[in-house]
Amino acid sequence: RQCGWTPLVDCYLYQGCWHHPFFLRGVIAAQQHFEAQPTDIFLCSAPKSGTTWLKALAFAIVTRKKYSDLSSHPLLSTMPHQCIPSLEGDVASKEHADQIAELPFLATHIPYHSLPKSIISCGCKIVYIFRDPKDAFVSMWHFVSRITPKDATYISLEEALELFCEGVSFYGPYWDHVLSFWNARKEAPQRMLFLVYEEMRKEPLPSVKNLADFIGHPFSVEEENEGVLQKIADLCSFEYLSDLDVNKNGKNGPNPAVAIENSAFFRKGKIGDWQSHLTPEMAERLDQVTREKFGGTGLPSYVSD
Ligand code: A3P
């Protein structure tokens, strides 16, 4: 059906999750053909939860010895999405297959229950980042608005909110996406790291350190004393990356049909930006779903005061 978020794209409900048609083809191809290796590391998220940030951090952590001179670091000239490919978007292309061989990472928005079976069975590591559903929703609304041609009628915030709460959004329902990984973590906690956008934004260093430990590239005491951890956090910060020419200009995407301006991935990078967009009633509508879905799970409640 037409998902309603944009008049230009039909969405498909597949295994309980709403997909853009281009990426759905990639999801099905990955389910049929992708063979994960135990050494792979998957960076997983629902859209607009901090994927770009996580890609930059993972890339910078693993390559920090090779690129110790930050003045010529690849992130200064390469958009994070081009440093780490997407499973359902890019994995078929030769160029990206080569990148995968170099780095252990692949990113995906596929919910846990739809991941290719080999990812579940091979025991490889999974990092999941998530964020307050209210901010993820506002971020998604802006993002879809940015990528919708100016002459197309765009959905109102109110309509988008209703759809989002009903679960209709790209890779939605948002809450079920988070829960799919959260519940899977109970089975194999050692293979999954959960990162919380808000915690990272308030105090990045502990999460960057945890991420480095988890992906097998811990910071040594010398590195910490020399400020390497801090430098990587600064390099990957919203403030730094969003101000680079490469992220202000240019496009990225698996093919020109779905290429998106890099700047669309860097908007405000704030905790609680929903407060400038949602009325108390709209926030309560989202909180109500969050209460129903996250209540009693141990996930942050994200309910407004
Ligand atoms: P906002 O729209 O709230 O600003 P994703 O990368 O999953 O598409 O998520 C995009 C969101 O993460 C956007 O949120 C974007 O501004 C924010 N973001 C991008 N890079 C970031 C970074 N380095 N640090 C913090 N937030 C970042």
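Rules of the game
- Residues numbered from 1 in each chain as written.
- Predicted model: local features only at pLDDT ≥ 70, side-chain atom pairs only at ≥ 80, totals over all residues.
- Helix = DSSP H or I, 4+ residues; strand = E, 2+ residues; numbered from the N terminus.
- Buried ≥ 20, exposed ≤ 12 C-beta atoms within 10 Å, placed from the backbone.
- Axes fitted to C-alpha atoms, helices over the stretch in contact; angles between N-to-C directions.
- Parallel < 35°, antiparallel > 145°, perpendicular 65-115°, else oblique.
- Contact = placed C-beta atoms within 7 Å.
- Nonpolar A, V, L, I, M, F, W, Y, C, P; charged D, E, K, R; others polar.
- Pairing = 2+ DSSP bridges.
- Near = placed C-beta within 6 Å.

Here we take up unusual backbone geometry. Residue Pro-173 is bonded to the preceding Gly-172 through a cis peptide linkage, with omega at 0 degrees. Here Pro-173 lies in the loop between helix H8 (157–166) and helix H9 (174–187). At Gln-15, a position not held by glycine, the phi torsion is positive, near 50 degrees. Within the secondary structure layout, Gln-15 lies in the loop between strand S1 (12–14) and strand S2 (17–19). You can call Gln-15 exposed: it has 12 C-beta atoms within 10 Å. For Tyr-302, which is not glycine, the phi torsion reads 55 degrees and is therefore positive. Here Tyr-302 lies in the segment after helix H16 (280–294). Judged by local crowding, Tyr-302 falls into the partly exposed class, with 19 C-beta atoms found within 10 Å.

On to the environment of Ser-276, then. By secondary structure assignment, the location of Ser-276 is in the loop between strand S8 (260–261) and H16. For Ser-276, a count of 9 C-beta atoms within 10 Å gives the class exposed. Considering only alpha carbons, one finds Ser-276 and Pro-204, 72 residues apart in sequence, at a separation of 24 Å.

Here the focus is the packing of helix H11 (residues 204–214) against helix H13 (residues 228–235). To describe two helices that pack against each other, one gives the angle between their axes and the distance between the axes. Between H11 and H13, whose axes approach to 10 Å, the crossing angle comes to 105 degrees. The orientation of H11 relative to H13 falls into the category roughly perpendicular. Residues Pro-204, Leu-205, Val-208 and Lys-209 of H11 lie in contact with H13, whose contacting residues are Leu-229, Gln-230, Ile-232 and Ala-233. For the contact of H11 with H13, a count of residues per class yields 6 nonpolar, 1 polar and 1 charged.

On to the pairing of strand S3 (residues 41–45). When a strand is regular, its side chains alternate between the sheet's two faces. The buried count for S3 comes to 5 of 5 residues, which makes it a mostly enclosed element. Both faces of S3 are covered, namely the face carrying Ile-41, Leu-43 and Ser-45 and the face carrying Phe-42 and Cys-44. Relative to strand S5 (residues 125–130), S3 is paired through 5 bridges, and the arrangement is parallel. Paired with Leu-43 across the strands is Val-127, a residue of S5.

Secondary-structure assignment places Ala-46 in the loop between S3 and helix H2 (51–62). For Ala-46, the contacting residues outside a window of four places in its chain are His-109, Phe-130, Ala-136, Tyr-171, Tyr-174, His-177 and Val-178.

Moving on: the site of the ligand. What surrounds the ligand is a group of 22 residues, the closest being Thr-51, Thr-52, Ser-139, Phe-238 and Arg-267. Elements with a contribution of two residues or more to the shell around the ligand: H2, helix H7 (133–147) and helix H14 (238–241). Tallied by class, the residues present in the shell around the ligand amount to 8 nonpolar, 9 polar and 5 charged.

We now examine the sheet that holds S3. Taking strand neighbours across the sheet as the criterion, the 4 strands line up as S4-S3-S5-S6 in an open arrangement whose pairing is parallel. Bordering the open sheet on either side are strand S4 (105–108) and strand S6 (192–196), each of which pairs with just one other strand. Shown here is a sheet whose adjacent strand axes are inclined to one another by a mean of 20 degrees, direction ignored. Helix-sheet contacts for H2 involve S3, S4, S5 and S6, and the interaxial angle to S3 is about 160 degrees. H9 contacts S3, S5 and S6 of the sheet and is inclined by roughly 135 degrees relative to S6.

Distances and angles like these do not, on their own, reveal function.
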